[in-house]
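Structure assessment
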Amino acid sequence: MTNSPRVMKFFATLMAVGFLSACSQQGDGSGHRDPNEDVNRRTHAFNVAVDRNLYAPASNAYGKGLSRNTRRGIGRAASNFALPGRVVNNLLQLDLEGAARNSFRFLINSTLGFGGLGDPAGNDFGLEEETTDFGETLYKWGFGEGRYVELPFVGPSTERHTVGRVVDLFTNPLGYALDAPENLLSPTSQVLAKVGSRYEYAATIDALLYESEDSYAQARNLYLQQRRYELGVDVSVEETDEIDALFEELYGE
């Protein structure tokens, strides 16, 4: 019985990967595929309400209650806890250099950096984090991004990235190596890091959600183009001009 949660996680991962058969032929490219826009817009309205009544007030209290150095330390710890999962994805992508870099970074910051609160790996050894996730792994394997999806409480995504998010919940070895309550350190720090990011970028997020003419369309375009850029997908000149215009509107430049 003690292994049943792990078995459930394994089958959940298999089911998530199997779901990709519905979008594997929908490759990456320009524009967006949003056939469920009506549903997505309703979810977006829900997310905006949650942000207004929960995320924004919580992040404001968090940001004012902790110093900037403390918040950034927690953010570094959250990134450090995520590194073993990134190593798994590095290996699945056959990126041995990235796997080695992230492994050494985790070892150094977990010891000399007091669990990741500090960053001696980056500051003293030049080992910067190589961010990746299972969504990128699926991209490397040839799965298309699928349709655009707005997820409750999470926000913009695609079918491929949604599957990646689910699988990433189960691929971090720390979740299996640590016993309770230590195994809660990683998810707790991730939540606190997101709350801290909401406070750090409050002006930009507020401008997008509450000051733009169509926050849904802007959030969708910003997400898709940023995600494609991260994955190395070619972005057209028209899309580049569009994203520049959106940033100019958000930042008032």
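It should be emphasised that the depicted structure is a prediction, and the values quoted were computed from it without experimental measurement.

What the rule picks out here adds up to 4 aromatic pairs. Where F46 meets F153, the ring centres are 5.1 Å apart and the plane angle is 85°; that geometry is what we call edge-to-face. Here the residue F46 occupies a position in helix α2 (residues 37-65), and F153 occupies one in the loop between β1 (148-151) and β2 (155-158), the gap between them amounting to 107 residues. Centre to centre, the rings of Y148 and Y216 are 6.0 Å apart; their planes meet at 75°, and the pair counts as edge-to-face. Here Y216 lies in helix α11 (residues 215-231) and Y148 lies in strand β1, a separation of 68 residues in the sequence. A relative accessible area of 2% places Y148 in the buried class. Through successive ring pairs, a cluster of aromatic residues spans Y148, Y216 and Y223.

With that settled, consider the nonpolar core. The biggest cluster of nonpolar side chains holds 5 residues, and these are A77, F81, L83, F106 and L174. Counting residues per element, this core draws most heavily on helix α3 (residues 68-92), which supplies 3 residues. The residues contacting A77, other than those within four sequence positions of it, are G115, G116 and L117.

Before going further, it helps to spend a moment on α2. Within α2, the axis deviates most sharply at D51, by approximately 50°. Inspection of α2 places N40, T43, H44, N47, V48, V50, D51, S59, Y62 and G63 among the buried residues, and these make up the whole buried set. Where the residues of α2 are buried, they touch α3, β1, β2, α9 (185-200), α10 (202-211) and α11.

Here we take up the environment of E159. Here E159 is to be found in helix α7 (residues 159-168). For E159, a relative accessible area of 4% translates into the label buried. Expressed as a C-alpha distance, the spacing of E159 and V149, which sit 10 residues apart in the sequence, is 6.5 Å.

What follows deals with the environment of T131. By the element assignment, T131 lies in the loop between α5 (120-123) and α6 (134-140). Put simply, T131 and V87 are 44 residues apart on the chain and 9.4 Å apart in space, counted from C-alpha to C-alpha. If sequence neighbours within four positions are ignored, T131 has contacts with R86 and E136.

Take unusual backbone geometry next. Backbone geometry follows two general trends: most residues other than glycine have a negative phi, and most peptide bonds adopt the trans configuration. The residue after A180, namely P181, is reached through a cis peptide bond having omega 0°. Counting through the fold element by element, P181 comes out in the loop between α8 (174-177) and α9. Backbone geometry places L94, a non-glycine residue, at a positive phi of 60°. Note on L94: relative accessible area 71%, which makes it exposed.

Moving on, we come to the pairing of β1. Looking at chain direction, β1 and β2 are connected through 4 bridges and run antiparallel. Bridging from a neighbouring strand, L151 pairs with G155 of β2. Counting the residues in the hairpin turn of β1 and β2 gives 3 residues, including F153, whose phi is positive at 70°.

Okay, a nonpolar patch on the surface next. On the surface, F46, L54, Y55, F153 and V154 cluster together into a nonpolar patch covering about 470 Å² of accessible area. Topologically, Y55 is positioned in helix α2. On the basis of relative accessibility, which here comes to 33%, the residue Y55 falls in the partly exposed class.

With that out of the way, let us pick up α11. Between its first and last C-alpha atoms α11 spans 24 Å; for 17 residues at 1.5 Å apiece the expected length is 24 Å, and the two agree. Burial runs high along α11: 14 of the 17 residues are buried. Residue G232 follows α11 closely and has a positive phi angle near 85°.

Moving on: the pattern of salt bridges. For the structure on display, the rule yields 15 salt bridges. In this structure, the salt-bridge partner of R228 is E145, at a minimum N-O distance of 2.6 Å. Here E145 lies in the loop between α6 and β1 and R228 lies in helix α11, a separation of 83 residues in the sequence. Take E145: its relative accessible area is 4%, and that puts it in the buried class. When the shortest N-O distance is used, the salt bridge between E230 and R227 registers 3.6 Å. With E230 and R227 both in helix α11 and 3 residues apart, this pair spans about one turn of that helix.

Cut-offs used in this document
- Residues numbered from 1 in each chain as written.
- Predicted model: local features only at pLDDT ≥ 70, side-chain atom pairs only at ≥ 80, totals over all residues.
- Heavy atoms only, no water.
- Phe/Tyr/Trp six-rings, centres within 6.5 Å; stacked < 30°, edge-to-face > 60°.
- Helix = DSSP H or I, 4+ residues; strand = E, 2+ residues; numbered from the N terminus.
- Buried < 20%, exposed > 50% of the residue type's maximum accessible area, 1.4 Å probe, protein only.
- Core = buried A, V, L, I, M, F, W, Y, C linked by side-chain atoms within 4.5 Å.
- Contact = heavy atoms within 4.5 Å.
- Bend = angle between axes of the 7 residues up to and from the residue.
- Pairing = 2+ DSSP bridges.
- Patch = residues over 30% accessible without salt bridge, like charges linked within 9 Å, V, L, I, M, F, W, Y side chains within 5 Å.
- Areas by Shrake-Rupley, 256 points an atom, 1.4 Å probe, with all protein chains shown as cover.
- Salt bridge = Lys/Arg side-chain N within 4 Å of Asp/Glu carboxyl O.
- Expected span 1.5 Å × (residues − 1).

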